[in-house]
Amino acid sequence: MKLLVVNPNTSVEMTAAIGLAAQKVAGAATHIKTVCPTFGPRSIEGHYDEVVAAAGVVEQVRAAQAWQPEGIIIACFGDPGLDGARELTSAPVLGIAEAAFHAASMLATGFSVVTTMTRTCIIAEHLVHRYGFERRCRGIHGTDIPVLALEHCSGQTFETMVSAAQDALLKDRSGAIVLGCAGMATVCQALQDRLGVPVIDGVAAAVKFAEALAALGLKTDKTGDYAQPLPKEYVNWQGFD
Ligand code: 5HY
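Fair warning: this is a prediction, and the values are worked out from it, not measured in the lab.

So, how was this worked out
Residues numbered from 1 in each chain as written. Predicted model: local features only at pLDDT ≥ 70, side-chain atom pairs only at ≥ 80, totals over all residues. Heavy atoms only, no water. Domains from an automatic or database assignment. Contact = heavy atoms within 4.5 Å. Buried area = accessible area lost by both parts, 1.4 Å probe. Salt bridge = Lys/Arg side-chain N within 4 Å of Asp/Glu carboxyl O. Polar contact = N/O pair within 3.5 Å; in protein donor to acceptor, adjacent residues only side chain to side chain. Helix = DSSP H or I, 4+ residues; strand = E, 2+ residues; numbered from the N terminus. Nonpolar A, V, L, I, M, F, W, Y, C, P; charged D, E, K, R; others polar. Near = heavy atom within 4 Å. Areas by Shrake-Rupley, 256 points an atom, 1.4 Å probe, with all protein chains shown as cover. Pairing = 2+ DSSP bridges. Axes fitted to C-alpha atoms, helices over the stretch in contact; angles between N-to-C directions.

Caption draft 1: Main features of the domain arrangement of the protein. Once the domains are mapped, the protein shows domain 1 (2-95 + 204-215) and domain 2 (97-201). Contacts between domain 1 and domain 2 engage 26 residues on the former and 33 residues on the latter. For the pairing of domain 1 and domain 2, the buried interface totals around 2100 Å² over both sides, and the portion due to carbon and sulfur atoms is 65%. Counting the contacts that link domain 1 with domain 2 gives three salt bridges. For Glu98, the salt bridge goes to Arg86, with nearest N and O atoms at 3.0 Å. Inspection of the region where domain 1 meets domain 2 yields 14 residue pairs in polar contact (both at pLDDT 80 or more). Of all the elements in the fold, those that place two or more residues in the side of domain 1 that touches domain 2 are helix H1 (12-25), helix H2 (47-63), helix H3 (82-88) and helix H8 (202-215). Examining the composition of the side of domain 1 that touches domain 2, we find that five residues originate from one element, H1, more than from any other. Each residue belonging to the side of domain 1 that touches domain 2 can be placed in one class, and the counts come to twelve nonpolar, seven polar and seven charged.

Here's what the structure looks like:
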């Protein structure tokens, strides 16, 4: 299958790391193309960044239409632009947060989220409610690690994540950790080795879920609110075509 992975931030290094993380778990028949927007924040750490990044996501989904991807992954934990992207294509579009929540819920009765800046916890909280995981997500914990610090994860940064995850598991009585940033994909296995519980990286989970949906021949519903956008005039904007 052809799988488009969109890193909604514009960090070249993080886009490459996300592509490697996706490639590492992809099946032999999966061809991955990893992209990021031509404009927008180098890291997404709040509501304003999310709004701009969402436009970048639909820019890249439009641009990839000719390639005809059979699956699309939005590789940012806020899942920015998810619904808009689903209107643009019948290919399944998966956000890494939604994918990670589903995976964690199959492995433990309760999971905790460990993310970057504390101010972004509310974004993860909104997604938990939006996707209906209130009874499975037992806590969302910020580390105040800046997203771009994950481009070159130091030992101290890693230990901060370990400590936050250990505290979360105890405080929440949860049995799994969901990583709250695509940039954490590179340390997922090391964290799992240290913590002794399942640690879910949404990038990897989304890749395998996308492959499963493609194998089942399942696509996005186009009869309702995910139908193609209505044609209309956009004033002072040439669009992304
Ligand atoms: C992400 N930001 O996965 C989110 C993480 C966050 O640039 N990539 C980003 O903290 O929201």
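Caption draft 2: How the structure looks around the site of the ligand. In the region of the ligand, the neighbouring residues are Asn9, Ser43, Ile44, Cys76, Phe77, Thr115, Thr116, Thr120, Val147, Gly180, Cys181 and Ala182. Between the ligand and Ile44, the relevant distance is 2.7 Å, taken from a nitrogen atom to a main-chain nitrogen or oxygen of the residue. Between the ligand and Phe77, the relevant distance is 3.0 Å, taken from an oxygen atom to a main-chain nitrogen or oxygen of the residue. Compared with its free state, where it exposes 300 Å², the ligand has 98% of that area covered by protein. In terms of residue class, the shell around the ligand is built from six nonpolar, six polar and no charged.

Caption draft 3: Structural detail: the sheet that holds strand S7 (residues 176-179). Taking strand neighbours across the sheet as the criterion, the four strands line up as S6-S5-S7-S8 in an open arrangement whose pairing is parallel. This sheet does not close on itself; its edge strands, each paired only once, are strand S6 (137-142) and strand S8 (199-200). By the bridge criterion, five bridges tie strand S5 (residues 111-115) to S6 in an arrangement that is parallel. When the bridges of S6 are listed, Thr115 appears paired with Gly142. Most of the contacts of helix H5 (residues 121-131) go to S6, to which it runs at about 160°, and overall it touches S5 and S6.

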